[in-house]
Amino acid sequence: TPELTIMAFNYIIFILFFHIIKLTLKVKLMNPPSTLTNSKTWKLWHSFNYFMGGCTFLVGSVILFPFFQSYFDTDNVSSYLFSIGSFTFLIADITEWMHFVRKDCIYCSSVVNYFISVISSTLYLIGSILFIPRFDSVPLGELLFDIGSCLIVVSQTWKLLYGICQKGCKIR
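Quick notes on the rules
Residues numbered from 1 in each chain as written. Predicted model: local features only at pLDDT ≥ 70, side-chain atom pairs only at ≥ 80, totals over all residues. Heavy atoms only, no water. Axes fitted to C-alpha atoms, helices over the stretch in contact; angles between N-to-C directions. Helix = DSSP H or I, 4+ residues; strand = E, 2+ residues; numbered from the N terminus. Parallel < 35°, antiparallel > 145°, perpendicular 65-115°, else oblique. Left-handed = near helix turned anticlockwise from the far one by under 90°. Nonpolar A, V, L, I, M, F, W, Y, C, P; charged D, E, K, R; others polar. Phe/Tyr/Trp six-rings, centres within 6.5 Å; stacked < 30°, edge-to-face > 60°. Buried < 20%, exposed > 50% of the residue type's maximum accessible area, 1.4 Å probe, protein only. Expected span 1.5 Å × (residues − 1). Patch = residues over 30% accessible without salt bridge, like charges linked within 9 Å, V, L, I, M, F, W, Y side chains within 5 Å. Areas by Shrake-Rupley, 256 points an atom, 1.4 Å probe, with all protein chains shown as cover. Salt bridge = Lys/Arg side-chain N within 4 Å of Asp/Glu carboxyl O. Polar contact = N/O pair within 3.5 Å; in protein donor to acceptor, adjacent residues only side chain to side chain.

Participant: Just checking my understanding: could you explain the packing of helix H2 (residues 40–62) against helix H4 (residues 74–100) for this structure?
Facilitator: The description of two packed helices rests on the angle between their axes and on the distance between the axes. Close contact between H2 and H4 brings their axes to 8 Å; oriented N to C, the two are set at 155°. Classed by the angle they form, the pair H2 and H4 counts as roughly antiparallel. Between H2 and H4 the crossing geometry is left-handed. Residues of the contact of H2 with H4, tallied by class, amount to 12 nonpolar, 13 polar and 2 charged.

Participant: Before we go on, may I ask you to explain the packing of aromatic side chains in this structure?
Facilitator: Aromatic ring pairs are described here by two measures, namely the spacing of the ring centres and the angle between the planes. Under the counting rule described, the total for this entry stands at 12 aromatic pairs. Judged by centre distance (5.1 Å) and plane angle (70°), the rings of Phe57 and Phe89 are edge-to-face. Here Phe89 lies in helix H4 and Phe57 lies in helix H2, a separation of 32 residues in the sequence. Among the residues examined, Phe89 registers a relative accessible area of 15% and is labelled buried.

Participant: Any chance you could explain the environment of Met52 here in plain terms?
Facilitator: With respect to the helices, strands and loops of the structure, Met52 is situated in helix H2. On the basis of relative accessibility, which here comes to 28%, the residue Met52 falls in the partly exposed class. Sequence separation of Met52 and Ser86 is 34 residues, and the distance between their C-alpha atoms is 9.5 Å.

Participant: Looking at this structure, how should I read unusual backbone geometry?
Facilitator: Peptide bonds are, in most cases, trans, and in most cases residues other than glycine have a negative phi. One non-glycine residue, Asp136, lies in positive phi territory at about 50°. The residue Asp136 is located in the loop between helix H5 (108–131) and helix H6 (138–166) in this model. On the accessibility criterion, Asp136 (69% relative accessible area) is exposed.

Participant: For this particular structure, what's the right way to read the side chain of Asn49?
Facilitator: Its place among the elements puts Asn49 in helix H2. Here Asn49 falls in the buried class, since its relative accessible area comes to 2%.

Participant: What's the story with H2 in this structure? I'm lost.
Facilitator: Owing to its 3.6 residues per turn, the α-helix brings residues three or four apart onto one side. Helix length check: H2 (23 residues) gives 32 Å between terminal C-alpha atoms against 33 Å at 1.5 Å per residue, within 8%. Residues Trp42, His46, Asn49, Gly53, Thr56, Phe57 and Gly60 constitute the buried set of H2.

Participant: Honestly, the environment of Lys159 in this entry has me stumped. Any pointers?
Facilitator: The residue Lys159 is located in helix H6 in this model. In the structure, Lys159 is positioned 45 residues away from Tyr114 in sequence and 9.0 Å away in space, judged by C-alpha atoms.

Participant: What's the story with a nonpolar patch on the surface in this structure? I'm lost.
Facilitator: A contiguous nonpolar surface patch, about 710 Å² in accessible area, is contributed by Leu58, Val62, Phe65, Phe67, Tyr71, Phe72 and Val77. Looking at where Phe72 falls in the secondary structure, it is placed in the loop between helix H3 (66–69) and H4. Given the relative accessible area of 34%, Phe72 is considered partly exposed.

Participant: Could you clarify how one ought to interpret the side chain of Ser86 in this entry?
Facilitator: By the secondary structure assignment, Ser86 is in helix H4. Side-chain polar atoms of Ser86 contact the backbone oxygen of Phe82, separated by 2.8 Å. Among the polar contacts made by the side chain of Ser86, one reaches the side chain of Ser128 at a distance of 2.9 Å.

Treat this as a map of the structure, not an account of what it does.
Structure (structure tokens):
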């Protein structure tokens, strides 16, 4: 049943999340290259895509309020806005991931972390496209969107813990 599938997936995410935290806190990882030294063009491109994704998600969410439903087809417009936003998030995540990919993979932990972000943005995009009413696949779209959200939580928490531990974390 779908409920058991979701419960099993949540359990797997929890186990993955637990092991990532354990790895991050116990292993001294190499410092990956900073994005601060990237060109202004890279920074603008990266920021622009995240900004556009955030704006389209915000507008796509706000127009779902009942007030707007009498003016236009909010489900259709919102699903297209979510799809556009998911696409721009995917571009930003790919840009970031490509920054950390190195031939000798000395930054493997960062590559894996950013790859999880790329996978989650891809799931966002596919899920958002499935929200479009003509595809009639909203439940599958919701599931993929939820899985993408869980993976984003894992990836962002990993980045946060890594940043904290690089600043002198004393956990043994």
